[in-house]
Amino acid sequence: MSSRRSRQSASVSRISDDQIIELVSKLRQLLPEIRDRRSDKVSASKVLQETCNYIRSLHREVDDLSERLSQLLATIDSDSAEAAIIRSLIM
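Notes on the structure in this doc start here. (Residues numbered from 1 in each chain as written. Predicted model: local features only at pLDDT ≥ 70, side-chain atom pairs only at ≥ 80, totals over all residues. Heavy atoms only, no water.)

This brings us to the overall build of the chain. Within the chain, the regular secondary structure consists of 5 helices and 0 strands. Helices and strands in the chain line up, N terminus first, as α-α-α-α-α. Looking at the chain residue by residue over its 91 residues, the buried ones come to 11%. Accessible surface, the chain as shown: approximately 7,800 Å² in total, 54% of it carbon and sulfur. (Helix = DSSP H or I, 4+ residues; strand = E, 2+ residues; numbered from the N terminus. Buried < 20%, exposed > 50% of the residue type's maximum accessible area, 1.4 Å probe, protein only. Areas by Shrake-Rupley, 256 points an atom, 1.4 Å probe, with all protein chains shown as cover.)

Structural data, given as structure tokens:
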């Protein structure tokens, strides 16, 4: 009974091939590395790989910017308006 339920729920949550193609196309448009290429021939696996790389890169950039803001906050008066702005950006 349990395996029957899992098969039913799996069939309900399945994504069609057309939906996958559409999602990969949307990802392709969001990725600067792929979007700027002249060739439209990029495999879905390459798009997914580049998406993962891009997300990792964005995480590193956020971490770096947060660290820089923290360092800046340490150099200014903690009661100033600038400090309040920086704190709001970090949180």
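The nonpolar side chains of soluble globular proteins are, as a tendency, buried together. In this structure, V24, L31, I34, V42 and V47 together form the largest nonpolar core, which totals 5 residues. Residues within four places of I34 in sequence aside, it is in contact with R28, V42, K46, V47 and E50. (Core = buried A, V, L, I, M, F, W, Y, C linked by side-chain atoms within 4.5 Å. Contact = heavy atoms within 4.5 Å.)

Under the counting rule described, the total for this entry stands at 2 salt bridges. Among the salt bridges present, the one from E50 reaches K46, with a minimum N-O distance of 3.2 Å. Taken together, the residues E50 and K46, both in helix α4 (residues 44-75) and 4 residues apart, mark about one turn of the helix. Across the pair R68 and D64 runs a salt bridge, and its minimum N-O distance is 3.9 Å. A residue pair is termed a helical-turn pair when its members lie 3 or 4 positions apart in one helix, as R68 and D64 do in helix α4 at 4 residues. Given the relative accessible area of 52%, R68 is considered exposed. A relative accessible area of 40% places D64 in the partly exposed class. (Salt bridge = Lys/Arg side-chain N within 4 Å of Asp/Glu carboxyl O.)

Take L89: it is sitting in helix α5 (residues 81-90). Separated by 19 residues in sequence, L89 and S70 have C-alpha atoms that sit 9.8 Å apart.

If you want to describe how two helices pack, look at the angle between their axes and the distance between the axes. At a minimum axis separation of 10 Å, α4 and α5 run at an interaxial angle of 155 degrees. In terms of orientation, α4 and α5 fall into the roughly antiparallel class. Between α4 and α5 the crossing geometry is left-handed. In this structure, α4 uses L69, S70, L72 and L73 to contact α5, whose residues at the interface are A83, I86, R87, L89 and I90. Tallied by class, the residues present in the contact of α4 with α5 amount to 7 nonpolar, 1 polar and 1 charged. (Axes fitted to C-alpha atoms, helices over the stretch in contact; angles between N-to-C directions. Parallel < 35°, antiparallel > 145°, perpendicular 65-115°, else oblique. Left-handed = near helix turned anticlockwise from the far one by under 90°. Nonpolar A, V, L, I, M, F, W, Y, C, P; charged D, E, K, R; others polar.)

With that out of the way, let us pick up the packing of helix α2 (residues 17-30) against α4. At a closest axis distance of 10 Å, the pairing of α2 and α4 adopts a crossing angle of 45 degrees. Relative to α4, the element α2 lies oblique. Relative to α4, α2 is oriented so that their crossing is left-handed. Judged by residue contacts, V24, L27, R28 and L30 of α2 engage A44, V47, L48, T51 and Y54 from α4.

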